Amino acid sequence: IIHHLVITFDIPLREIAEIFSGIAKNLVIEFVPLHDEKVQQILKTKPHQKAKYSRELFESAFSGLFIKKRQFIIEGNNRIIYLYERQSQENN
């Protein structure tokens, strides 16, 4: 869903992270990399969005609000599952 929000609907990753931090203490998020077939399909209609979507940008957007507890790479498609915990208010 993250790739659809960023690429299709032009919602910045930081804004997505802020929304999630307001509604959830813990997150399980799948990051679909740029080279994924589905992402490439979406980018055909919005190629200018490529600069706004990367693993580095994703991790940076969420790192200020969440602590990464674990990550798993799914073999075969290199999608990444992240387990995040929202940072306490004292840390922000």
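So, here is what we can say about the structure in this document. A quick note: this is a predicted structure, and the numbers were derived from the prediction, not measured.

Structural notes on the pattern of salt bridges
By the definition in use, this model includes 6 salt bridges. A salt bridge links Lys52 to Asp10; the shortest N-O distance between them is 3.0 Å. In this pair, Lys52 is assigned in the loop between helix H3 (37–43) and helix H4 (55–63) and Asp10 in the loop between helix H1 (2–8) and helix H2 (13–23), connecting sequence segments 42 residues apart. The partner of Asp36 in a salt bridge is Arg79, and the shortest N-O contact between them spans 3.1 Å. With Asp36 in the loop between strand E1 (26–31) and H3 and Arg79 in the loop between strand E2 (66–73) and strand E3 (80–86), this residue pair connects regions lying 43 residues apart in the sequence. In this structure Arg79 comes out as buried when scored by relative accessible area, which is 17%. What you see here is one network of salt bridges that share partners, running through Glu30, Asp36 and Arg79.

Rules used in this analysis
- Residues numbered from 1 in each chain as written.
- Predicted model: local features only at pLDDT ≥ 70, side-chain atom pairs only at ≥ 80, totals over all residues.
- Heavy atoms only, no water.
- Salt bridge = Lys/Arg side-chain N within 4 Å of Asp/Glu carboxyl O.
- Helix = DSSP H or I, 4+ residues; strand = E, 2+ residues; numbered from the N terminus.
- Buried < 20%, exposed > 50% of the residue type's maximum accessible area, 1.4 Å probe, protein only.

Such coordinate-based values are descriptive only and should not be taken to indicate function.
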